[in-house]
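Working through the structure, step by step
Given next are the chains, with one letter for each unit.
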Amino acid sequence: MLKAKTVPADFAPRIRTYTAEPTGVRFHADRKSFVRGIMGPIGSGKSVMCVQEIVNLAANQRPSRDGVRRTRWAIIRNTYPELLSTTIKTWVEWIPESVCPIVYGAPITGRFQRAMADGTYMDCEVLFLALDRPKDVKKMLSLEITGAWINEASELDRKIVDTTTSRVGRYPPKMDGGPTWSGVIMDTNPPDSDHWWYRFAEEECPKGWHFFRQPGALIELDGAYIPNAAAENVEHQPLGMEYWLRQASGKPVDWVRVMLMGEYGAVMDGKPIYAGDWNDARHVVDVKLLERHAVFVGWDWGLTPAAIIAQVSPHGGLCVMDEVIGDNIGVKQFAEGHVIPLLRSKYRDCSVTHIGDPAGRQRAQTDERSVFEVLASIGIHCQPAPSNSAVARWEAVRHFLASMRDGVPAFALSPRCKALRKGFNGGYRFRRMQVSGTARFADVADKNSYSHPHDALQYICLHLRGMAAKPTVTGLSPVAPAAWA
C-alpha cells in the first residue's frame, strides 16, 4: 500500500510538463467542437466548468428579433438519485434557485432569466434528465434543445450519447435566428480502457469531437503519493491539496490511480502487474522513428502471436513504436503477412534484431522444426531471450518504467500500441484466486489477449538489460550499453 507524503524540495523538475494554461480555460475557449469532453480526477472542478459553460453559451446566444437570447439545455445523469444529490446540487450551488427556480416535476426543469447589459434578455431553460438505460433514449426522442451536458458521461451507455447529439441544434427555431452554438459537453472521471470514452478520446478521435484531460491531483514517487504541481482546482478546495492526500491513505492502488491520479482504469477481476509503475499520462508519448537506428523486435509464439517493435532513444530510453498481433494464425504466415511488410515499409533503413520466447527452441512434432528454424527459413534470424522467468521479465520492464533519462521517463509507448496500453492500464494482470477472506492473487499472469504482446515486450527489455551488462555491443549506434544500466 502506497502512502501519501509532502512534496520533496527537489521534486519540481520531475513533474510532467503540462500546458501553462489551465484545462478549463482551453475547454471554455473551444467553441468550434461539436462535442467537448473533459476528464480528470475527483475534485478537479469538471462539473463546475460545465455549469459555467452553459451559462456562458446562453449569455452569448444571438438575440432574436424581440431581443431575447433563447436557449434550452438538457442536463443528463445516469440515475435520479445521482441527478438530485450531485448534478442538481452543483447547479444550484452556482446558479441559486433565487435566480433559476427549480420545478421538481417530470422532468425536473429550471429557468434562468436575466436582463443583459446591452438591453437584451437572456432566457435559459434547463431540463434535468436521468437516462441510465438504453431504453431511456425514448425520453430524448421528442426533445428540441440547443445543447446538452452529460454529467459523468462514462456511466451512461454510448447509445444515449449518440441520441443526445441528434437532438441538439434544434432550438431556438430558425425563425428566431437558430442557435449560435449547439452541441454536447461532457465530463467524467477516468473510465476503464474498454470504455467508449477511451475509444473515442484515445483511438478514433471523431471529427468535431475534442477531449480535454486534466492533470492528476497526485503522482507517485519512490513508493509514495505526492502532490502534482500541475493539479487544477486546488485553490478552490477548502482543504487544498490535503483533500486528495488524505483520500489516498488506505486506498487500493488502482482506485488512487483512477480517482486521484486521473489515469484510465480497467474492468478486471485481478491485480494489475505494473500497478504503481505505469503512468498512462507520463508513459504514452507520440514517439518518432529514428532513421537508421537499431530496431528490436520481440516475438511471442502460439496461434495468437505478437511482435513488438522498439528502438532505443539517444538518451538510453526505450521507445515502443508498433505492435503487431495475430489471431488464429501460424508464426510463418504471421511473419510473412504482417511483420515483414511493416519492417520493409517503415524500418527499411534500420538494422533489426529479433528476440523471442526461449520456448521456441523446442521442435514441433509435425515437421520437427523449431519456431526459430521456421523464422530462419524466411530470413528472420531470431535469438532467444536470456530468460523465460516471469519475475525477471517483469522486472526488466519495470526497470524502464521507473527510470528517468535526462529528466524524462525512460519508457515511451506510442498511442498506436493499443493492446499494450490497455494491458498496462490493468488488462495485463494477476488473476484473483477464488478464496474467501482477504483478496489473494495468483503469482502468474492471467493468459488473455493482453499477455501475448506484453510477453513480447518483456523479451526486448530482457535483451537490452542483458546487453547493458556486456562490455561492448556492436550495431547499436549511437547509444552506449551503459545507458541502460
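Everything numeric in this text was worked out from a predicted model, so none of it was measured.

Each value, and the rule that gives it
- Within any chain, residue numbers begin from 1 and follow the written order of that chain's sequence.
- Where local features are concerned, this predicted model is filtered to residues with pLDDT of at least 70; where side-chain atom pairs are given and counted, the filter is 80 or more; whole-chain, interface and lining totals use all residues.
- Side-chain calculation: all heavy atoms of the structure are included, whereas hydrogens and water are not.
- Pairing between two strands requires that DSSP report at least two bridges joining them.
- For helices the rule is a DSSP run of H or I covering at least 4 residues; for strands it is a run of E covering at least 2, with both sets numbered from the N terminus onward.
- Throughout, an axis means a line fitted to C-alpha atoms (over the contacting stretch in the case of helices), and angles, computed between N-to-C directions, take values from 0 to 180 degrees.
- A pair of Phe, Tyr and Trp rings is counted when the ring centres sit within 6.5 Å of each other, with Trp represented by its six-membered ring. The angle between the planes then sorts it: under 30 degrees is stacked, over 60 is edge-to-face, the rest tilted.
- Buried means the residue's accessible area, taken with a 1.4 Å probe over protein chains only, is under 20% of the maximum for its type, while exposed means over 50%, and partly exposed covers the values in between.
- Either the NZ atom of lysine or the CZ atom of arginine qualifies as a charge over a ring when it sits within 6 Å of the ring centre and within 35 degrees of the ring normal.
- Residue contacts are counted whenever heavy atoms from the two residues lie within 4.5 Å of one another.
- Identification of polar contacts relies on pairs of N or O atoms within 3.5 Å, with a donor-acceptor requirement for protein atoms, meaning one able to donate a hydrogen and the other able to accept it, and with residues adjacent in sequence counted only if both atoms are side-chain atoms.
- We call a set of buried residues a nonpolar core when its members are Ala, Val, Leu, Ile, Met, Phe, Trp, Tyr or Cys and they connect through side-chain atoms within 4.5 Å of each other.

**Things to note about the sheet that holds strand β13 (residues 295–300)**
- Here we have 6 strands laid out as an open sheet, ordered β17-β16-β13-β14-β15-β20, and mixed in their pairing. Taken across any chain shown, the strands that pair with only one partner, and hence form the sheet edges, are β17 (382–384) and β20 (411–413). For this sheet, the mean angle separating the axes of adjacent strands, direction not counted, is 30°.
- Where β13 and strand β14 (residues 306–312) come together, 6 bridges link them in antiparallel fashion.

**Re the sheet that holds strand β5 (residues 108–115)**
- Spatially, 8 strands are ordered β4-β5-β6-β3-β7-β8-β2-β9 in an open sheet, and the strand pairing comes out mixed. Looking at which strands have only one partner, the edges of the open sheet turn out to be β4 (102–104) and β9 (209–213). For this sheet, the mean inter-axis angle between neighbouring strands, taken without regard to orientation, is 15°.
- Relative to strand β7 (residues 147–150), strand β3 (residues 68–77) runs parallel, the two being bridged by 4 bridges.

**Some remarks on the pairing of β5**
- As judged from the 3 bridges shared by β4 and β5, these two strands associate in the antiparallel manner. Counterpart to V103 in the pairing with β5 is T109.
- Linking β4 to β5, which pair antiparallel, is a turn of 3 residues.
- The pairing of β5 with strand β6 (residues 121–130) spans 8 bridges and is classified as antiparallel. Pairing of Q113 across the sheet is with D123, part of β6.

**A look at the packing of aromatic side chains**
- In the structure shown here, the tally under the stated rule is 19 aromatic pairs.
- Here the aromatic rings of W73 and W181 are separated by 6.3 Å at their centres, their planes lie at 20°, and the arrangement is stacked. Of this pair, W73 sits in strand β3 while W181 sits in the loop between α4 (158–167) and β8 (183–188); the two residues are 108 residues apart in sequence, bridging distant segments of the chain.
- With a centroid separation of 5.1 Å and an interplanar angle of 75°, the aromatic rings of W197 and F211 are classed as edge-to-face. Taken as a pair, W197 in helix α5 (residues 196–204) and F211 in strand β9 lie far apart in primary sequence, 14 residues in all. Accessibility classification places W197 together with F211 in one group, the buried group.
- Within the aromatic cluster, the residues linked to one another by ring pairs are W196, W197, F200, W209 and F211.
- Over the ring of W255 we find K251, and its NZ or CZ is 5.0 Å from the ring centre.

**A closer look at α4**
- Along α4, the residues that are buried comprise I160, V161, T163, T164, T165 and R167.
- Those residues of α4 hidden inside the fold are in contact with β2 (35–39), β3, β7, β8, α5 and β9.
- Its side-chain oxygen placed 2.7 Å from the backbone nitrogen of K159, D157 serves as the N-cap of α4.
- In the segment just after α4, G169 is the residue with positive phi, at about 80°.

**Focus: α5**
- Those residues of α5 not exposed but buried are W196, W197, Y198, F200 and A201.
- On its buried side, α5 packs onto β2, α4, β8, β9 and α12 (418–427).
- At the C-terminal side of α5, C205 shows a positive phi close to 45°.

**Topic: the environment of R167**
- Mapped onto the secondary structure, R167 falls in helix α4.
- Sequence separation between R167 and T146 is 21 residues, and the spatial gap between their C-alpha atoms is 8.1 Å.
- In contact with R167, not counting residues within four places along its chain, are M140, L141, S142, L143, E144 and I145.
- Among the polar contacts listed, one links the side chain of R167 to the backbone oxygen of L141, at a separation of 2.9 Å.

**Quick notes on the nonpolar core**
- Counting residues in each nonpolar core, the largest one holds 35 residues, and the members touching the most others are Y274, L318, V320, F411, F424 and L457.
- Those elements that place two or more of their residues in this core are β14, β15 (318–325), α11 (390–402), β20, α12 and α13 (451–468).
- Considering each element in turn, this core owes the most residues, 8 residues, to α13.
- Aside from chain neighbours lying at most four places away, what touches L318 is A310, Q311, F400, A410, F411, A412, L457, I460, C461 and L464.

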